[in-house]
Structure formats: C-alpha cells, structure tokens
Amino acid sequence: MSSAPAALTGPDDILRYDYAGLTAEFARRFGKGEYHAGALFRSLYRRGADDPGPLPEFAANPSLAAKVRDAFAYSLPEISGRSGDGETYKFLLKLRDGYECESVIIPMRQYKSLCVSSQVGCKMGCTFCETAQMGYLRSLDAGEIVAQVMVARHVLKEPIENVVFMGMGEPMDNLDNVLQAVRILSDQRGLNIGQSSITISTVGHVDGIRRLAALAAQPPPEGFSRLRLAVSLNAPNDEVRSRIMPINRQWPLAELKAALLDFPLARRGDFLFMEYVLIKGVNDTRAHALEVAEYLKGLKACVNLIPYNPRLDSPFARPDKTDTADFFHWLMEAGQYCRVRGTKGKDAMAACGQLGNRALKRNRAPQAAAVVIPAAG
Ligand code: SAH
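Residues numbered from 1 in each chain as written. Predicted model: local features only at pLDDT ≥ 70, side-chain atom pairs only at ≥ 80, totals over all residues. Heavy atoms only, no water.

(A) Layout of the overall build of the chain. If you tally the helices and strands in the chain, you get 13 helices and 14 strands. Within the chain, residue pairs in contact and separated by at least 24 positions form 71% of the contacts whose partners lie at least 6 positions apart. As displayed, the chain offers around 16,000 Å² of accessible surface, 51% of which is attributable to carbon and sulfur atoms. (Helix = DSSP H or I, 4+ residues; strand = E, 2+ residues; numbered from the N terminus. Contact = heavy atoms within 4.5 Å. Areas by Shrake-Rupley, 256 points an atom, 1.4 Å probe, with all protein chains shown as cover.)

What follows is the structure, given as structure tokens:
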C-alpha cells in the first residue's frame, strides 16, 4: 500500500519541523510567516494534504506555493509489511536507507493507540526482548517517528488518539528526536494528540529520566509537564534485574528510585507506570511481589503487569493465567496499585517485546532504497 503522490517534492523532510520551526523556515527561506506556514501545517497534519496550492492563504501567491513545493518533502515511507490477529496489527515502514521500523495499532474502547518505535533495533540488551536480539542499527529522526503516526492516521485511516513509545528502541537513548516528535504530535493545530495521551517508556535510563524531569517541571509549549512516563521495572531486586536487564548494572534500583522520587507528576490523578513483565520462574513469586511493593513505597506508581510473551527461541516461559492472577493479588494485598495488561497481538509477534526483524540482524547493511521523488504536478 502506498500513499498518494506528494506535492512537496523538495529535499527537506517537512515532518521534522514543529510549528515554530516551520514558521521560522518560512521566514528564512521565503520571507513569509505564520500565516502561510500555519496554513500548511494545519492542512498537512489534520487532513494529510500537503499541497499548499489549493489553500486560500496561498491563492494570491502561486509562486510561493511553487517555492514551498520545491523546498520541502512529504513522502511517507512505504508500508512494507503488515500482520496482525484481527484488530491489533503491526505494520512495517521502509525507511530512506532501506531499514524498517515497526509500529503496532492497538484498539482501546473509544479510540486506537499507536505503539511507535524510536530506533531501529536497540542497545539495551534485555534478555527477554525480541528487539534486543537484532542489536542496534540506528536512531529514528523526529520525522520518521511522526511519519508512523501520519501513516496510521492518514493512510490506514485509524483513529489514533494515543501514542506509546513502547515499540523498538529506547526513547531515552534518542531523547531529542523523541521530544521533537512529541512537540509535533501534540500540537493542537495539527494531530492534536495531547501530551497526557503520550507515554514514554524507558528501560530505566536514569540520565534520561532526570533530563525529562527538568523539562516536565516547565509547562507546555516549552515544557513537557503532561507527558506520561513508564518505566520497565521487570524485577524485584538488583540481582534478578541485572541478570535480565544489563542497564541495571549501570543504574541500579536505588539510583532509579531516587530519580523517580524527583520526577514531577503534574496532576493529582497522575501515576508513574511501572511495567513488570512477569516471567515464569524468574520474577513471579510472592516474595518477589512483596519486594516490588516495598521498592515502590513512596512513589505514586501503578504497576502494569505484562504476562511475558515468548520471543523467538525464548529461554523463558510464559506464566500461566493463575500465576499472573496470584502476582496481582500479592501486590494488591501489599498495598501496591496494579493492573494486568492484556497481551493483544501475540500471535502476530506484535506484542510487547516481540518487535524485531531477524532478517535485518543477519544483513546489517541493507541496500540503500532509491528515494523516489514524484515529479511536481
Ligand atoms: N525500551 C523501552 C521501550 C520498549 S519495550 C522500555 O524498555 O521500556 C516496551 C515494553 O515491553 C517494556 O515494558 C518491556 O519490558 C516490555 N517487553 C519487552 N519484551 C517483552 C516480552 N517478551 N513480553 C512482554 N513484554 C515485553
């Protein structure tokens, strides 16, 4: 499936620019301002329409429309694969250099959520995660992150109202591009996905959490006070966590907790989300649940229990339904708020921790894909 030919055929990917940035570019390149830049921004993000020509703001100035077409590019990556078990499905996008990134559409009650990738592959090396198996290939730029949402909304026509950075990659390892993408996604003049509907999920990258905390302390538009933070805890103590998550050797649980205690929560109803992948025989006993509850004391946290989805050739086993229910009750009894996350998409390898492309791992230098620039029409 591919999108309609783009009207913007220049060299510079327009999806990298937030509203202020695009306005500044219009001033710098064309001597114009928000009147024109804003019209294009609204049309692009709200309707997926990239041709400035038909916009009333450009009616009196066709030569400006032509210059804009020649300066900027809007070519959404091609959908190179799609798989899913009904409503939850994963799609792959073919990037400029031939690498692919994966995104997952997840239906919620009233709308749909999009799980986006921030990198191709990942450096973090968590032993239970499929993405780690392919290693790290590269980070996505802001435009490539935004493109995942644009494809979901405007090509696949999905009513995406929520975005979670829980696809491939560690968002804190690419935070500048992730934050630029958040600025663009959350802009009310465009896609209008509020910051409180965007979650950044981190492996427990303490420098990144501290950086985000400083930004969260400021209100929008410069700050990120409403953005949600999820932390992949996944273990009750340093011994287990260091075994399954190498990052814990760099930032052990005590340092992680200190950073989380300093993280500002904007509103009374807000929580830190602590992801806990329940792996049979690894982190699933009553003693583990009590350790988790003890660790989280003093934090306003909600534990999301995720029954482990075995990755390919997995050395670990999925917990039984009763294991998950038991762990849930042990946590609740210990006074720790938690919920169990359904595992949508597991048959399509589209669930948490199942994103990864083994073929890419085997062939790390894909042929650069030809960038097809359609003729201006
Ligand atoms: N790097 C980020 C985001 C990607 S992982 C992070 O670590 O949070 C997104 C979530 O999927 C994490 O909570 C991770 O713990 C979970 N996950 C990874 N592998 C999984 C698997 N095989 N089964 C279930 N959840 C998994």
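So much for the structure itself; the text now carries on.
(B) Representation of the side chain of Lys112 within the structure. With respect to the element layout, Lys112 can be found in strand E6 (residues 112–115). Discounting residues that sit within four places of it in the chain, Lys112 has contacts with Ile105, Ile106, Pro107, Glu158, Pro159, Ile160, Glu161 and Asn162.

(C) Looking closely at helix H2 (residues 34–47). Its 14 residues give H2 an end-to-end C-alpha distance of 19 Å, which sits within 8% of 20 Å, the value for a rise of 1.5 Å per residue. Of the residues making up H2, those classed as buried are His36, Ala37, Gly38, Ala39, Leu40, Phe41, Ser43, Leu44 and Tyr45. On the buried face of H2, the contacting elements are helix H1 (19–30), helix H3 (62–71), helix H5 (142–155) and helix H6 (175–185). One or two steps after H2, the chain reaches Gly48, where phi turns positive at roughly 70°. (Expected span 1.5 Å × (residues − 1). Buried < 20%, exposed > 50% of the residue type's maximum accessible area, 1.4 Å probe, protein only.)

(D) Representation of the state of the cysteines within the structure. Summed over all chains, the structure comprises 0 disulfides. The structure places no disulfide on Cys122, whose sulfur is separated from the nearest cysteine sulfur, that of Cys126, by 6.6 Å. (Disulfide = S-S within 2.5 Å.)

(E) Local environment of the confidence of the model for the chain. Residue-level pLDDT values for the chain average 90, and 88% of them are 70 or greater. In this model, residues 362–377 is a region of pLDDT below 50 whose contacts with residues beyond four sequence positions or in other chains number 21 contacts. (pLDDT = per-residue confidence, 0-100.)

(F) Representation of the pattern of salt bridges within the structure. One pass over the structure, following the stated rule, counts 24 salt bridges. Note that Glu57 and Arg42 form a salt bridge whose closest N and O atoms lie 3.8 Å from each other. Of this pair, Glu57 sits in the loop between H2 and H3 while Arg42 is found in helix H2, placing the two residues 15 residues apart along the sequence. One salt bridge connects Arg96 with Glu144, and the closest N-O pair in it is separated by 3.5 Å. Pair noted here: Arg96 is in the loop between strand E4 (88–94) and strand E5 (100–107) and Glu144 is in helix H5, with a separation of 48 residues, a long-range link. Since its relative accessible area comes to 6%, Glu144 is described here as buried. Because the salt bridges share partners, they merge into one network encompassing Asp13, Arg96, Asp97, Arg138, Asp141 and Glu144. (Salt bridge = Lys/Arg side-chain N within 4 Å of Asp/Glu carboxyl O.)

(G) Looking closely at the environment of Ile198. Within the secondary structure, Ile198 is located in strand E10 (residues 198–202). Here Ile198 falls in the buried class, since its relative accessible area comes to 0%. Sequence separation of Ile198 and Asn162 is 36 residues, and the distance between their C-alpha atoms is 5.9 Å. Setting aside residues up to four positions removed in sequence, Ile198 forms contacts with Val163, Phe165, Val182, Leu185, Ser186, Ile193, Leu227 and Arg228.

(H) Structural view of the side chain of Ser113. In this structure, Ser113 sits in strand E6. For Ser113, a relative accessible area of 4% corresponds to the buried category. In this structure the side chain of Ser113 is engaged in a polar contact, spanning 3.0 Å, whose partner is the side chain of Asn162. Setting aside residues no more than four positions away along its own chain, Ser113 makes contact with Val104, Ile105, Ile106, Met108, Ile160, Asn162 and Val164. (Polar contact = N/O pair within 3.5 Å; in protein donor to acceptor, adjacent residues only side chain to side chain.)

(I) Representation of the packing of aromatic side chains. Summed over the entire model, instances satisfying the criterion amount to 10 aromatic pairs. Ring centres of Tyr17 and Phe72 lie 5.8 Å apart, and the angle between their planes is 85°; on these two criteria the pair is classed as edge-to-face. One end of the pair, Tyr17, is in the loop between strand E1 (12–13) and H1; the other, Phe72, is in strand E2 (residues 72–73), and 55 residues separate them in sequence. Overall, Tyr17 belongs to the buried group, its relative accessible area being 12%. With a relative accessible area of 0%, Phe72 lands in the buried category. For the ring pair Phe271 and Tyr337, a centre distance of 5.2 Å and an interplane angle of 45° mean the geometry is tilted. Linking Phe271 in the loop between helix H10 (253–261) and strand E12 (272–278) with Tyr337 in the loop between helix H12 (321–333) and strand E14 (338–340), this pair joins segments that are 66 residues apart in sequence. Judged by relative accessible area, Tyr337 falls into the partly exposed class, the value being 39%. Every member of this aromatic cluster is reached through a ring pair, and the members are Tyr17, Phe26, Phe30 and Phe72. In this structure, Lys123 packs its charged tip against the face of Tyr136, placed 4.6 Å from the ring centre. Just above the ring of Phe271 sits the side chain of Lys300; from NZ or CZ to the centre is 4.9 Å. (Phe/Tyr/Trp six-rings, centres within 6.5 Å; stacked < 30°, edge-to-face > 60°. Lys NZ or Arg CZ within 6 Å of the ring centre and 35° of its normal.)

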